[in-house]
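Descriptive analysis of the structure
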Amino acid sequence: GAVVSQHPSRVICKSGTSVKIECRSLDFQATTMFWYRQFPKQSLMLMATSNEGSKATYEQGVEKDKFLINHASLTLSTLTVTSAHPEDSSFYICSAPIQGLGNTIYFGEGSWLTVV
Amino acid sequence: RKEVEQDPGPFNVPEGATVAFNCTYSNSASQSFFWYRQDCRKEPKLLMSVYSSGNEDGRFTAQLNRASQYISLLIRDSKLSDSATYLCVVNRGYSTLTFGKGTMLLVSP
């Protein structure tokens, strides 16, 4: 079964609105989670590292004020796409390492965002 | 130079064929290496880790050459169910993964 759960799996929103995506670790604590974005026929690109209890670390070129990340507990990280635009339409996916198991990294099921 | 580069695809092969994927990485300090499989519109799933000594898992064999910064994946006796995109992935540290663009494999009857 899934060890990292992501919700929603699909969302359609209007341009200018905000969308929140949740990433939950199931049965383990994740002090760190990672958010990726994948455009069609492109590789997954790391957007940011989400750190429990502290600020997220964003990759170069990713707007931290547009992609808000909150890691309020050891099992939940959220990504909020603010003032979404059609060019933000993409596949967003989170991952979390399980410490002590060779740091095996598990991915959530991903969230398809379509901004119309 | 991209951090992780893979063969451009797609690879079209008949069932039963042997197919090899190549990957190079630019950061010599990279710590660990993986092959992931991604089906259309799904999340990536770990296929296998890659070790310098080479490792095999059934029909799949992975090799790592640190000196050349080169990683390979060999699939023997291809099945229809092997059709997917294969991602070369490098861990640059602290569980931060860098993905290649992926190579699509299409296995036909």
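Residues numbered from 1 in each chain as written. Chains lettered and ligands numbered in written order. Predicted model: local features only at pLDDT ≥ 70, side-chain atom pairs only at ≥ 80, totals over all residues. Heavy atoms only, no water.

Considerations on the state of the cysteines
Residue and element names in this part refer to chain A. One pass over the structure, following the stated rule, counts two disulfides over all chains. The disulfide partner of Cys23 is Cys94, and the gap between their sulfur atoms is 2.0 Å. Linking Cys23 and Cys94, the disulfide has an S-S dihedral of approximately 80° and is accordingly described as right-handed. With Cys23 in strand E3 (residues 19-25) and Cys94 in strand E9 (residues 90-98), the pair connects residues that are 71 residues apart, well separated along the chain. Classification of Cys94 by relative accessible area gives buried; the value is 0%. (Disulfide = S-S within 2.5 Å. Helix = DSSP H or I, 4+ residues; strand = E, 2+ residues; numbered from the N terminus. Buried < 20%, exposed > 50% of the residue type's maximum accessible area, 1.4 Å probe, protein only.)

Description of the side chain of Thr98 of chain B
Residues and elements named next belong to chain B. Relative to the helices and strands, Thr98 is located in strand E10 (residues 97-99). For Thr98, a relative accessible area of 11% corresponds to the buried category. Residues in contact with Thr98, not counting those within four places in the same chain, are Glu3, Val4, Cys88, Val89, Val90 and Arg92. (Contact = heavy atoms within 4.5 Å.)

Quick notes on the interface of chain A and chain B
Between chain A and chain B, the residue contacts involve 19 residues of the former and 15 residues of the latter. Across the chain A to chain B interface the summed buried area is about 1400 Å²; carbon plus sulfur atoms make up 57%. In terms of surface lost to chain B, no three residues of chain A exceed Leu44, Ile105 and Phe107 of chain A, which account for 31% of the buried area on that side. Joining chain A to chain B, the criterion identifies zero salt bridges. Counting across the chain A and chain B interface gives three residue pairs in polar contact (both at pLDDT 80 or more). Elements represented by at least two residues in the side of chain A that touches chain B include exactly strand E4 (32-38), E9 and strand E10 (104-107) of chain A. Per-class residue counts for the side of chain A that touches chain B are 10 nonpolar, five polar and four charged. (Buried area = accessible area lost by both parts, 1.4 Å probe. Salt bridge = Lys/Arg side-chain N within 4 Å of Asp/Glu carboxyl O. Polar contact = N/O pair within 3.5 Å; in protein donor to acceptor, adjacent residues only side chain to side chain. Nonpolar A, V, L, I, M, F, W, Y, C, P; charged D, E, K, R; others polar.)

Here's the deal with a positive patch on the surface
Together, Arg10 of chain A together with Arg41, Lys42 and Lys45 of chain B make up a positively charged patch on the protein surface. Within the secondary structure layout, Arg41 of chain B lies in the loop between strand E4 (32-38) and strand E5 (45-50). (Patch = residues over 30% accessible without salt bridge, like charges linked within 9 Å, V, L, I, M, F, W, Y side chains within 5 Å. Areas by Shrake-Rupley, 256 points an atom, 1.4 Å probe, with all protein chains shown as cover. Lys, Arg positive; Asp, Glu negative; His and termini not counted. Charge placed at Lys NZ, Arg CZ, Asp CG, Glu CD.)

Examining the pattern of salt bridges
Using the criterion set out here, one finds six salt bridges over all chains in the structure. Arg24 of chain A is paired through a salt bridge with Glu22 of chain A; the nearest N and O atoms lie 3.4 Å apart. Here Arg24 of chain A falls in the partly exposed class, since its relative accessible area comes to 36%. Given a relative accessible area of 23%, Glu22 of chain A falls into the partly exposed group. Among the ionic pairs, Glu56 of chain B bridges to Arg76 of chain B, the shortest N-O distance being 3.5 Å. Of the two residues, Glu56 of chain B sits in strand E6 (residues 55-57) while Arg76 of chain B sits in the loop between strand E8 (70-75) and strand E9 (84-91), which places them 20 residues apart along the sequence.

Notes on the nonpolar core
Nonpolar side chains tend to gather and get buried jointly when the protein is soluble and globular. One finds Trp35, Phe67, Tyr92 and Leu113 of chain A to be the most contacted residues of the largest nonpolar core, which totals 25 residues. Going through the elements one at a time, strand E2 (10-13), E3, E4, strand E5 (45-51), strand E7 (67-73), strand E8 (76-81), E9 and strand E11 (111-115) of chain A are the ones with two or more residues in this core. Among the elements that take part in this core, E9 of chain A stands out by supplying four residues, more than any other. Formed by 23 residues, the second largest nonpolar core is a distinct cluster that contains Phe21, Leu64, Cys88 and Val107 of chain B. (Core = buried A, V, L, I, M, F, W, Y, C linked by side-chain atoms within 4.5 Å.)

Looking at the pairing of strand E3 (residues 19-25) of chain B
Residue and element names in this part refer to chain B. Side-chain alternation along E3 places Val19, Phe21, Cys23 and Tyr25 on a buried face and Ala20, Asn22 and Thr24 on a face that remains uncovered. As paired strands, strand E1 (residues 4-6) and E3 are joined by three bridges and run antiparallel to one another. Within E3, the residue paired with Glu5 across the bridge is Thr24. Relative to E8, E3 runs antiparallel, the two being bridged by six bridges. By the bridge assignment for E8, Phe21 is matched with Leu73. (Pairing = 2+ DSSP bridges.)

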